[in-house]
Amino acid sequence: MFRLGKRSFTKFKEQIAGQGVPSVTRIGQGLSRRSLSSESTLPESADVVIIGGGSAGCNTLYQLTKRGIRAVLLEKNKLTAGTTWHTAGLVWRLRPNDVEIKLLASTRNLLMRLEEETDHNSGWINNGGLFISHSDERLNEYKRLATLGKCFGIESHILTPEEAQEVFPLLDPAGFTGALYSPGDGVVDPAMMCTALTKASVANGGMIVEDCSVSEIVTGENLLGVRDVRGVVTNKGMLRTNTVVNAMGVWGRDLIEPLGIHLPLIPMKHAYVVSETMDGINQMMPNIRDHDSSIYFRIQGKSICMGGYENNPILLDRVPGDFHFGLYDLDYSVFDTHIQGAVKICPEFGKAGIKSTICGPESFTPDHKPLMGPDPIINGLFHNCGFNSAGMMLGAGCAEQLAKWIIHDRPDLHMFAYDIRRFSPKQKKALNWATERSHEAYAKNYSIVFPHDEALAGRNFTVDPFHKQMIQHGAVMEERHGWERPGYFLPEDTVVVQPYDWYGYYDYPKNTNTNYEEALQKDYTFGFPEHHDLIGEEAHTCRQEAVLFNLSYFCKLFLTGSQAKEAADWIFTADTNKPKGKTVYTCALNKRGGVEADVTVSIVESGQGELHDPIFKGRGYYIVAGGASAYHTKSHLLATIQEKALRAVVTDQTEELGVLSIQGPKSREILQKITDFDLSDEEQLPPNSNAVLSLKINPFYSCNVRVLRVSFVGELGYELHIPEESCNDVYNALMKAGYKDGLRNAGYRALYSLSSEKGYHLWGNDLRADDTPVEANLGFTCRKKGDYQGKAVVDRQLENGINKKLVFFTLRDQVPIWGLEAVYRNGEIIGHMRRGEYGYTLQKPIGQAYVTRPDGDYVTNEFIRSGRYQVEVMGRMYDAECHLRSPFDPKGERILGIYK
């Protein structure tokens, strides 16, 4: 291991700089020592204190000061001294995610205008990018990216190997099968970018203090006992503030762990090599990603920087706090795996020789996404770290959203995939789990993003009471939010998720039982998977007879306390002032009117002291929400209650209660066999109601459960919320009761197909934090009387109109859609699919998209009805029918038990 001093660092940069690369300027050159100094005294206070002077910190400072916030950045050494200075700096435009495309666009736009704003070169070079393909399936993925890019005005082209060689002459066209060319991609010099950002920040009133180490984040408690930020302690004194941004990168865990806060952030060594000068290379040749070989080329002058993601990265426990401008010696036994792939597509690279090696620490996370947003434990603490070696291309876009998060309480975009609250406290504390998942995410970073891939690492982290029974009945399990759940069921086989084998590295033997992996591989396609018809059988059984869904990982909360009613009134859009036993579907909004959660709220009173029927004072509310965003939902409720200083308590019963949902035309008669309660009495248990029932397990034993008459699939059905100790007995009793009626298990693949076909929403897909209820056709959940968070936005849209609207599309051709496909009206792009499924009852592909008008005007029903529609799937156009509502059971009779 060695460290570069300031002189060596400058010399190193000069050595690896090629022709045509802008010269490197010392960070802080030309800035006043008052605003950028290692000697200045700290101010007494600041609106926001940013800890960390890398890309994340500098971008955050820029975005905050641009908006008038009095912000101070503290760096324990010199700016970029951590991991920013040695990054490759690649900036791509296309990702399989609409939110990330917008974040990348924000970064690119800033880099292109920063020089004009600051009179300092931002280090941005627009030399384009090539994605290399070695298979038809990879090329299909590139076609999906190109299609989505059209929705955002991103130019790209699918090329043959020969056409790709015209763009990058040193490529061997025999070494690959095709390519995707994006001429708007580029590269940025990290030092120059940070210099430009800090120059603009200082001009806007920001302050930067180098050689200023923070030893403690000072916290206190408010009158409600909620912890909040009060300031920071540094080697230069105390600085008072109510808001701290953790932009410490690979050191992001260290300072906050004494506060009882844990982040799933894992340091690893990450490397690239710099070739000797190569004839035929110039700076304006495109950068390259060969995903199948898991490598990239970054063009630097007349050299190629080559790096990648190997299956056996060197994992680090922690990085020393004084590791400034530091590098490790490159371990070629780890890195050599990339050489073969590089030489295959570019033989000249193998002849050039290596001039320099760069191996430094980087921070990685369990899903290869950054850790951002407000900490759910300490008010005023925000995170902006864990960028998985993507800090250059995502830094500016993420910092812009974080600034809005800090100032306005919410970002513009749906940032759930980056929000720290996507991980539960249990996940964040589990270092072994985080390490396993981060390793796999690193190794699979360049893998094809299939619609239904599943992780192999960190599995069986949390299992519900029915887990063994699910496996025995042939469940192929999925994982969400740390929970195992059934995806679909094999009729004559069982597959068990094996302990993670680390790809056979680190002295772990490869698993010999690969049945689960083989089942997953049948999903590795953008066509219909092998088990398409098997999932269809589950869906058809639900529509024709009855199925049992295991929904145990759903979020289950009780809202109680002396001001529970006031909390429910403010949090939820629907009228929850209903009699005991009523269940209401409703949304919970943010201040921008976006949907943070859609839930069912059951009105309950104090019960018998059982888990599903607790004792409390006054009126209570039983809240059920989707499991994949459970902690996010809980955190939103708690934060809203705390902000309003309401005396209300949220009790989480998710792990203590199992949930079985029996759905279908025969659900009532099957359930009736094990209860004396008259389920046909519509006055006692009508649709959208709940009650505590006794179920007869056998002649000598009964148990109580809470029953909700609700459906996520549009059928007559009941959700049974069962105390953990009774779960297995209830499952067995139901399966026995329904045996002659064709009752069978069904998984989430069928569930999502059925819900999409019915027109129900799936939060995070066709319903997000950047969608309002009016835009999502959920205006019926919004009450007219009384106030609730976000109501002003809803009322304004109801009065004036909306600029986007959720609609449904069915395709006449039997071609699968998965989401991200472009939608055309009269030949013009008006949106993209947020969600795609196959409607087994409709016998058609079905998808949901938010459509806009090309002229920016309000979207009306007449505008929607009058168009001719097509959907682009991997570069091909298919005619589509557009529906304001799903065409399945438009009158909603089946959920009432009306079957014709």
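Residues numbered from 1 in each chain as written. Predicted model: local features only at pLDDT ≥ 70, side-chain atom pairs only at ≥ 80, totals over all residues. Heavy atoms only, no water.

S.K.: Looking at this structure, how should I read the pattern of salt bridges?
M.R.: Oppositely charged side chains can form a pair if their charged atoms are brought close together. Tallied over the full model, the rule gives 54 salt bridges. With a shortest N-O distance of 2.9 Å, Arg480 and Glu454 are connected by a salt bridge. With Arg480 in strand β24 (residues 475-480) and Glu454 in the loop between α12 (431-443) and α13 (467-472), the pair connects residues that are 26 residues apart, well separated along the chain. According to the relative accessible area criterion, Glu454 is buried, its value standing at 7%. The closest approach of N and O atoms between Lys791 and Asp795, which form a salt bridge, is 2.8 Å. Of this pair, Lys791 and Asp795 both sit in helix α21 (residues 791-800), four residues apart, which is roughly one turn of the helix. Look at Lys791 and you get buried, because its relative accessible area is 9%. Salt bridges linked by common partners bring Arg67, Glu400, Lys404, Asp412 and Arg592 together as one network. (Salt bridge = Lys/Arg side-chain N within 4 Å of Asp/Glu carboxyl O. Helix = DSSP H or I, 4+ residues; strand = E, 2+ residues; numbered from the N terminus. Buried < 20%, exposed > 50% of the residue type's maximum accessible area, 1.4 Å probe, protein only.)

S.K.: Just to check I follow, could you spell out the nonpolar core for this structure?
M.R.: In a soluble, globular protein the nonpolar side chains are often hidden away together inside. Residues Leu74, Phe168, Ile217, Phe297 and Ile304 are the most contacted members of the largest nonpolar core, which totals 140 residues. Ignoring any residue separated from it by four or fewer positions in sequence, one finds Phe168 in contact with Leu130, Ile281, Met285, Pro286, Ile288, Phe297, Ile299 and Ile304. In terms of nonpolar packing, the next biggest core, distinct from the first, is built from 37 residues, Val476, Leu534, Ile535 and Ala750 among them. (Core = buried A, V, L, I, M, F, W, Y, C linked by side-chain atoms within 4.5 Å. Contact = heavy atoms within 4.5 Å.)

S.K.: Would you mind going over the confidence of the model for the chain with me for this structure?
M.R.: The predicted structure's coordinates, where accompanied by low pLDDT, should not be read in detail. Of the residues in the chain, 96% reach a pLDDT of 70 or more, and the chain-wide mean stands at 94. Contacts of residues 1-35 to residues separated by more than four positions or lying in other chains number 73 contacts, the stretch itself having pLDDT below 50. (pLDDT = per-residue confidence, 0-100.)

S.K.: Even after reading the chapter, I still don't get the sheet that holds strand β37 (residues 805-811), so can you show me in this structure?
M.R.: Strands belonging to one sheet form pairs held by backbone hydrogen bonds; the direction of such a pair is parallel or antiparallel. Spatial ordering of the closed barrel is given by β37-β40-β39-β38-β41-β42, a layout of six strands whose pairing is antiparallel. Along the sheet, successive strands turn relative to each other by an average axial angle of 40°, direction set aside. Sheet topology places strand β38 (residues 822-825) next to strand β39 (residues 828-839); four bridges connect them, and they run antiparallel. Note that in β39 the partner of Val823 across the bridge is Gly831. Of the strands in this sheet, β37, β39 and β40 (844-851) touch helix α20 (residues 748-758), which is tilted by about 130° from β39. (Pairing = 2+ DSSP bridges. Axes fitted to C-alpha atoms, helices over the stretch in contact; angles between N-to-C directions.)

S.K.: What exactly am I supposed to notice about the environment of Ile670 here?
M.R.: Examined against the element boundaries, Ile670 turns out to sit in helix α18 (residues 667-672). Of the residues examined, Ile670 reaches a relative accessible area of 0% and is grouped as buried.

S.K.: Hey, could you run me through unusual backbone geometry in this one?
M.R.: Most peptide bonds take the trans configuration, and most residues that are not glycine carry a negative phi. Non-glycine residue Asp119 carries a positive phi angle of around 60°. With respect to the secondary-structure elements, Asp119 resides in the loop between α3 (98-118) and β6 (124-125). A positive phi angle is found at His368, which is not glycine, with a value near 60°. Structurally, His368 is set in the loop between β21 (354-364) and β22 (371-374). Judged by its relative accessible area of 13%, His368 falls in the buried class.

S.K.: Explain the environment of Tyr508 here, please?
M.R.: Counting through the fold element by element, Tyr508 comes out in the loop between β25 (483-489) and α14 (515-521). Looking at Tyr508, the relative accessible area reads 40%, which means it is partly exposed. If we skip the residues at most four places from it in the chain, Tyr508 touches Tyr500, Asp501 and Trp502.

S.K.: When you look at the packing of aromatic side chains in this model, what are you seeing that I'm missing?
M.R.: Any aromatic ring pair is given by two values, namely how distant the centres are and how the planes are angled relative to each other. Inspection of the entire model under this criterion finds 25 aromatic pairs. Ring centres of Phe416 and Trp763 lie 5.3 Å apart, and the angle between their planes is 80°; on these two criteria the pair is classed as edge-to-face. One end of the pair, Phe416, is in the loop between α10 (391-408) and α11 (425-429); the other, Trp763, is in the loop between α20 and α21, with 347 residues separating them in the sequence. Given the relative accessible area of 17%, Phe416 is considered buried. Residues Phe450 and Tyr524 carry aromatic rings whose centres are separated by 5.1 Å and whose planes lie at 10° to one another, so their mutual orientation is stacked. Remark: Tyr524 occurs in the loop between α14 and α15 (532-544) and Phe450 occurs in the loop between α12 and α13; sequence separation between them is 74 residues. Residue Tyr524 is classed as partly exposed on the basis of its relative accessible area, which comes to 30%. Here a set of aromatic residues connected by ring pairs shows up, and it is made of Tyr500, Trp502, Tyr503, Tyr506 and Tyr508. A cation sits over an aromatic face here: Lys644 above Trp570, 4.2 Å from the ring centre. (Phe/Tyr/Trp six-rings, centres within 6.5 Å; stacked < 30°, edge-to-face > 60°. Lys NZ or Arg CZ within 6 Å of the ring centre and 35° of its normal.)

S.K.: How should the sheet that holds strand β13 (residues 227-234) be read in this particular structure?
M.R.: Here we have three strands laid out as an open sheet, ordered β12-β13-β14, and antiparallel in their pairing. A single partner strand is all that each edge strand has here, and the edge strands are β12 (214-221) and β14 (237-240). Across the sheet, the axes of successive neighbouring strands diverge by a mean angle of 30°, strand direction being ignored.

S.K.: Please explain helix α8 (residues 337-345) as it appears in this structure.
M.R.: Since the α-helix advances by 3.6 residues per turn, residues separated by three or four positions end up pointing in the same direction. What α8 keeps buried is the set His338, Gly341, Ala342 and Ile345. The buried residues of α8 occupy an angular sector of 100° when projected down its axis, which confines them to one face. Residues of α8 that are buried make contact with β7 (129-133), β17 (287-290), β18 (295-300), β19 (303-308), α7 (332-335) and α9 (349-352). (Arc of directions from axis to C-beta.)

S.K.: It is not clear to me how the packing of helix α2 (residues 55-66) against α3 should be interpreted in this structure. Could you clarify?
M.R.: For any two helices packed against each other, the geometry is given by the interaxial angle and the distance between the axes. Where α2 contacts α3, the two axes come as close as 14 Å, and the packing angle between them is 65°. The interaxial crossing formed by α2 with α3 has left-handed handedness. Contacts from Asn59, Tyr62, Gln63 and Lys66 of α2 reach α3 at Leu110, Arg113, Leu114 and Glu117. Its residues assigned to classes, the contact of α2 with α3 comprises three nonpolar, two polar and three charged. (Left-handed = near helix turned anticlockwise from the far one by under 90°. Nonpolar A, V, L, I, M, F, W, Y, C, P; charged D, E, K, R; others polar.)

S.K.: In this structure, what is going on with the state of the cysteines? I would like to understand it.
M.R.: Two cysteines form a disulfide when their sulfur atoms are joined by a covalent bond. In the structure shown here, the tally under the stated rule is zero disulfides. As a non-bridged cysteine, Cys151 has Cys882 as the owner of its nearest cysteine sulfur, 15 Å distant. Here Cys555 stays free of any disulfide, with the sulfur of Cys587 as its closest cysteine sulfur at 15 Å. Judged by its relative accessible area of 1%, Cys555 is buried. (Disulfide = S-S within 2.5 Å.)

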